[in-house]
Amino acid sequence: MHAEASGASRIDAVIDGRPLTGFQIWTIVLCGLVALVDGFDTQSIAFVAPVIAKAWSVEVYAFGQVFGAGLLGLTIGSLAFGPIADRVGRKPVIVISVLIFGLGSLATILVGNINELILCRLLTGIGLGGAMPNIIALTAEYAPKRIRAFVVTAMYCGFPIGAVIGGLVSAWAIPAVGWHSIFIAGGILPLLLVPLLMVALPESIRFLASRRQREAEAIRLLSRIDPDSRIDLSTVTPANDPAIKARAGMLQLFQRGFALATVLTWTAFFCNLLIMYFLINWLPSVLQRAGLPLEKAIIATVLLNAGGVIGGLMFSWLIDRF
């Protein structure tokens, strides 16, 4: 067995062999809070699009570029910050990502035309995209294998819950105090979360174990899960080992018989995200143009996200059992 695999297996054995501790639950909750503000900020533009279109005297279809810029930012953030986190750690990347989309949301209150809004949504999207894959990876690492699917899904449900909260707030706040309030809330909440993440969010144990100078930190985190563990991390290969670099990369997904599974998985995710983002971005505008008041159009989108929470938890529970 390769040394890295052996060391990683020892870490997994500690996590998988114990019930969830308060430390692990707190880590998962922190990741869930990031997902919540991520969902709030991702959905916010759809709630205010009909109002901004009316205020700026533009057709609502012009917001296709705005929605597209946000999704482009999500793509850039996901592709860029994932590999960066493998090199510098998940915690700093999560903190920076939350800071970026918080500042991007606040900057949106200053825009005055579609082009400026596109730039702000691109910036916000980069932060949103950078946070999500890293909180998923961190949650998966701290969750025991026997309940990992449910725990990761429960954490990820913070995203639609954030969209639900955003919808409920928007339905009241937009008519009462204006559309700017949604982006103020979408900026302040992540920025308030940043200091908490800096203090309380732990780093990836595997990342720490792969750095010789940070092995003591990894052992300290493992001892919070199992105080009796006497794990030897000296067999974990450093992450800058050329042997690991040679095996890393996206091409690995298409080798050793994984090509078909990779393509099918990508196709499933593509179809899922195509439908999901089409609905959450356009549903408020489409329903309003169909004659519904904006508040009811927003509530319909809230129900869509609430259905996502129910479906996600139900099917992940089934996966862990069957």
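Residues numbered from 1 in each chain as written. Predicted model: local features only at pLDDT ≥ 70, side-chain atom pairs only at ≥ 80, totals over all residues. Heavy atoms only, no water.

**Section: the overall build of the protein chain**
Argument step 1. Of regular secondary structure, the protein chain possesses 13 helices and 0 strands.
Argument step 2. Taken from the N to the C terminus, the helices and strands of the protein chain come in the order α-α-α-α-α-α-α-α-α-α-α-α-α.
Argument step 3. Along the first, second and third principal axes, the C-alpha set of the protein chain runs to 65 × 40 × 35 Å.
Argument step 4. Within the protein chain, the fraction of its 322 residues that count as buried is 44%.
Argument step 5. In the protein chain, the proportion of contacts linking residues at least 24 apart, taken out of those at least 6 apart, comes to 79%. (Helix = DSSP H or I, 4+ residues; strand = E, 2+ residues; numbered from the N terminus. Buried < 20%, exposed > 50% of the residue type's maximum accessible area, 1.4 Å probe, protein only. Contact = heavy atoms within 4.5 Å.)

**Observations concerning the confidence of the model for the protein chain**
Argument step 1. Averaged over every residue, the pLDDT of the protein chain is 87; the share at 70 or more is 90%.
Argument step 2. Segment residues 1-6 is flagged for pLDDT under 50; beyond a separation of four residues in sequence, or across chains, it makes 12 contacts in the model.
Argument step 3. The low-confidence segment residues 235-247 (pLDDT under 50) makes 28 contacts with residues lying over four places distant or belonging to another chain. (pLDDT = per-residue confidence, 0-100.)

**Observations regarding a nonpolar patch on the surface**
Argument step 1. A cluster of nonpolar side chains, Leu20, Ile25, Trp26, Val29, Leu33 and Leu196, forms an exposed patch at the surface whose accessible area comes to about 450 Å².
Argument step 2. Tracing the sequence through the fold places leucine 196 in helix α8 (residues 180-200).
Argument step 3. Using a relative accessible area of 32% as the deciding quantity, one classes leucine 196 as partly exposed. (Patch = residues over 30% accessible without salt bridge, like charges linked within 9 Å, V, L, I, M, F, W, Y side chains within 5 Å. Areas by Shrake-Rupley, 256 points an atom, 1.4 Å probe, with all protein chains shown as cover. Salt bridge = Lys/Arg side-chain N within 4 Å of Asp/Glu carboxyl O.)

**What about the pattern of salt bridges?**
Argument step 1. As enumerated under the stated definition, the model contains 5 salt bridges in all.
Argument step 2. Arginine 90 is the partner of aspartate 86 in a salt bridge, and the nearest nitrogen-oxygen pair spans 2.9 Å.
Argument step 3. In this structure arginine 90 comes out as buried when scored by relative accessible area, which is 16%.

**Remarks on the side chain of asparagine 281**
Argument step 1. For asparagine 281, the position within the fold is in helix α12 (residues 259-289).
Argument step 2. On the basis of relative accessibility, which here comes to 6%, the residue asparagine 281 falls in the buried class.
Argument step 3. Apart from residues lying up to four places away in sequence, asparagine 281 is in contact with Ile45, Ala46, Phe67 and Leu71.

**Here's the deal with α12**
Argument step 1. Compared with an ideal rise of 1.5 Å per residue, which puts 31 residues at 45 Å, α12 spans 44 Å between its outermost C-alpha atoms and is within 8% of the ideal.
Argument step 2. In α12, a bend of some 50° at tryptophan 282 exceeds every other bend along the element, and proline 284, a proline, comes one to four places later.
Argument step 3. Buried within α12 we find Thr262, Tyr277, Ile280, Asn281, Pro284 and Ser285. (Expected span 1.5 Å × (residues − 1). Bend = angle between axes of the 7 residues up to and from the residue.)

**Focus: unusual backbone geometry**
Argument step 1. The phi dihedral of serine 57 is positive, around 60°, even though this residue is not glycine.
Argument step 2. One non-glycine residue with positive phi stands out, namely arginine 256, at about 55°.
Argument step 3. Mapped onto the secondary structure, arginine 256 falls in the loop between α11 (242-247) and α12.
Argument step 4. Of the residues examined, arginine 256 reaches a relative accessible area of 65% and is grouped as exposed.

**Topic: the packing of aromatic side chains**
Argument step 1. Under the defined criterion, the tally for this structure stands at 7 aromatic pairs.
Argument step 2. Ring centres 5.9 Å apart and planes at 85° place the aromatic pair tryptophan 179 and phenylalanine 183 in the edge-to-face group. Assigned by exposure class, tryptophan 179 and phenylalanine 183 land together as buried.
Argument step 3. Look at phenylalanine 254 and tryptophan 266: their rings are 5.4 Å apart centre to centre, the planes differ by 85°, and that puts the pair in the edge-to-face class. On the criterion of sequence distance, the pair formed by phenylalanine 254 in the loop between α11 and α12 and tryptophan 266 in helix α12 is long-range, its members being 12 residues apart. (Phe/Tyr/Trp six-rings, centres within 6.5 Å; stacked < 30°, edge-to-face > 60°.)

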